[in-house]
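Analysis of the macromolecular model
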Amino acid sequence: MASTNSAEWRAICDKFTNAQHLTDTESRNDPENDPFRSKYRARELLREIYCALKSFEAGDGEEDTGGEISEQRPEDQPVDGQREDVFSQGLHGHSPAGLRAAKLGAVEYYLGVNHVDTEELSAGQEHLMNCMKMLERCRVSSENVSLFIHARNQLGILWAGRDETETAQGFLETAESIYQRYMKEDGRPPTDMTEYFSTEENQLTHQERSKRFELAYTHTMYYLAQVYKNLGENERAATYCHSTLQRQLQLNQFSPMEWALNAATLSQYYITKGRYMEGRHCLSAATVISGLAGEVPSDAAAQESETENERREQLRQKRAEIARCWIKYCLNILQDAKKLLEDNIGELDTDRQDELKRARRQEEEEEEKGRKSALLFGSEDTFDSIASMEEKVMCLFPLDFTEARSVFLVGQNYVTQAKEYFQMDGYVTDHIEILQDHSSLFRALAFFEEDLERRCKMHKRRVDILEPICNDLNSRYYLLIRRQLMFELAETYNEMMDLKLTLANRQADNHSLDSHTIKKFNHLCSASAKYFQMFLDSLCSPEGKPPEHLEEEVLRPALVARFRVARLHSKLISSSPPVQMENLNRALENYKYVVQYCEAHPEAAAAVETELELSTEMVGLLPLKINRLKSRMAANN
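Residues numbered from 1 in each chain as written. Predicted model: local features only at pLDDT ≥ 70, side-chain atom pairs only at ≥ 80, totals over all residues. Heavy atoms only, no water.

Right, let's talk about the pattern of salt bridges for a bit. Two side chains of opposite charge can pair, provided their charged atoms sit close to one another. Using the criterion set out here, one finds 34 salt bridges in the structure. In this structure, Arg47 and Glu44 form a salt bridge, with 3.1 Å as the shortest nitrogen-oxygen distance. Here the residue Arg47 and the residue Glu44 both occupy positions in helix α2 (residues 37-59), the gap between them amounting to 3 residues, near one helical turn. On the accessibility criterion, Arg47 (36% relative accessible area) is partly exposed. Assessed through its relative accessible area of 39%, Glu44 is described here as partly exposed. (Salt bridge = Lys/Arg side-chain N within 4 Å of Asp/Glu carboxyl O. Helix = DSSP H or I, 4+ residues; strand = E, 2+ residues; numbered from the N terminus. Buried < 20%, exposed > 50% of the residue type's maximum accessible area, 1.4 Å probe, protein only.)

Next comes the structure, spelled out in structure tokens:
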């Protein structure tokens, strides 16, 4: 091998530097009609380096015979073909033969990455596997461990892109185990692959070597997080994702908005598992780190520069997406608290509330312990900001209206932020989902409100949010969304009607209902029935005929809507016997539909057990009531 100070070796180092520059910098400016021009030029330089290395080897009288180890592999070999004794057998990394193998392997690695970048995957795989074969001759050491890990990372990405997830998993888990064992048994900052082709005066510092090596392992963890997610191992995926994000902060190697969005996305996993402390921490970190990306360019600046316009769009969109994750956090913690506190009829269980309040102190102590043991994000610059952000919203379940309202207000603030970007013009589906979440926040808060009048007003806010959008949507293009809105509006009016009925019953203890109360009650009944009927009509054929068979996704909603329409018609208040008769007949018709449909489709009964039981009972009772009304009407006539 040529001396590291010789002219030939310096020429190789220059070619490698040029190849890196072409790949990392020049390629960004390649024209659209020749997008890989710079990378093809880099490839030629890498081939020249490879040939030069081989010629040095031939000139030194050395043969590529496989070195000191046998070609035969153990029968029980790992997925990526790595020897189990990779740390104890093979060429020493610092030996001339070991360094030659590493340098040739590194060129194969860069050629492999180059071919993958130019979408020549089979050729890329071949070069990466050639790199692996070179490394099979060597034992892991500080001179080559970085290449061991980088090669497996790239093969992991390659196989994951082909949906060969388990093969990818094998390469990446081997990379992980190599890193962990190396750090345990050696731990020195290892040689970076670029240093194979650097002159002595251009060698990296220990600090830079360590940073690059840790970044390679961070990539290993990032790719493993994706692999575990694709394998359905969500807990494991979340752990690796969390560690990846933490390492990126420590190494100061991250794009603020991309990091923030990944952290916000991870929060959604923790939220679904009821781990609100971790979810809040991820979201707080996402908000703080997203701030490092700077201010959103003004509209005027965006109009003058395409770059500023793209930056404005990206910042606004990603911050709106983080705001939506905050909305989900607030909504889910309120809904989970409601499940914890409600009794068997869906009302606040005050005994349970008192019991949970007494246990709160212990919960707070456990939260503090959890914070100390958790893997927290942040550096010296950001840790205090993240902690300050966390203090703005609780991560323990709210147990009364005051606590619930504090969570609600945070959620509502993020609704406003999210709507600023996801407007109806251009983002119909997103905008409506945000409105539905806003409605759900009011619904969750209403559970904690003891004053029935104020609770009713909260449901009225839900109507004000959803009704205009429901009436404006075109069913031809947004049928499924419109059905959701119809059903929610029907249920909201139904809840308001039930609240008014409870209030009316309290008043009836002292005096009869006045005409205003009756009018209000009937309006709520009719509005609820109207939206349930609109939902049912949306299931009919163009000729208006109801479906003979209800699809699984609409089976329960459709039968519940029929049951509710029946109930609502039976509750309408009227002093006119003919109107009473009409309402009772419509109620009976809908109760009968539920019973007859379940008789014709027995499998449907399980979806509506309670409604079917009550419908069957009413089908027996209502005819008697109707006959009594008929008799009264005949007697009066």
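On we go.
The feature "coiled-coil region" (unreviewed entry), as given by UniProt, occupies residues 298-351 in the numbering adopted here. What you have in residues 298-351 is 81% helix and 0% strand, and the ends, taken at the C-alpha atoms, are 54 Å apart. (UniProt positions renumbered as here; feature names shortened; annotations may be inferred.)

Now for the packing of helix α3 (residues 96-117) against helix α4 (residues 121-136). Interhelical geometry of α3 versus α4 gives an angle of 165° and a closest axis separation of 7 Å. Considering the angle they form, α3 stands roughly antiparallel to α4. Between α3 and α4 lies a crossing of left-handed hand. Note on element contacts: α4 touches α3 through Leu121, Ala123, Gly124, His127, Leu128, Asn130, Cys131 and Met134, opposite Ala101, Leu104, Gly105, Glu108, Tyr109, Leu111, Gly112, His115 and Val116. Of the residues in the contact of α3 with α4, the class split is 10 nonpolar, 6 polar and 1 charged. (Axes fitted to C-alpha atoms, helices over the stretch in contact; angles between N-to-C directions. Parallel < 35°, antiparallel > 145°, perpendicular 65-115°, else oblique. Left-handed = near helix turned anticlockwise from the far one by under 90°. Contact = heavy atoms within 4.5 Å. Nonpolar A, V, L, I, M, F, W, Y, C, P; charged D, E, K, R; others polar.)

Approximately 1,200 Å³ is the volume found for the largest pocket. For the lining of the largest pocket, the secondary-structure elements that each account for two or more residues are α12 (306-341), α17 (428-448), α18 (452-472), α19 (475-508), α21 (552-571) and α23 (609-636). If one sorts the elements of the lining of the largest pocket by residue count, α19 sits on top with 10 residues. Class assignment for the residues of the lining of the largest pocket results in 12 nonpolar, 7 polar and 17 charged. Every residue lining the second largest pocket is counted, 27 residues in all, and those nearest its centre are Gln20, Tyr109, Tyr110, His150 and Met193. For the lining of the second largest pocket, the secondary structure elements donating two or more residues are α1 (7-24), α2, α3, α5 (145-161) and α7 (206-230). (1 Å grid on protein atoms, 1.4 Å probe; cavity = no way out; pocket = protein on both sides within 12 Å on 5 of 7 lines; lining within 4 Å. Points joined across faces, edges and corners; volume = space filled by probe spheres on them.)

Attention now goes to the packing of helix α10 (residues 276-291) against helix α15 (residues 383-390). Running from N to C, α10 and α15 cross one another at 125°; their axes reach a closest spacing of 8 Å. Between α10 and α15, the crossing angle belongs to the class labelled oblique. For the pair α10 and α15, the sense of crossing is right-handed. Here Met277, Arg280, His281, Ser284, Ala285, Thr287 and Val288 of α10 lie close against α15, whose contacting residues are Ser385, Ile386, Met389 and Glu390. When grouped by side-chain class, the residues that make up the contact of α10 with α15 number 5 nonpolar, 4 polar and 2 charged.

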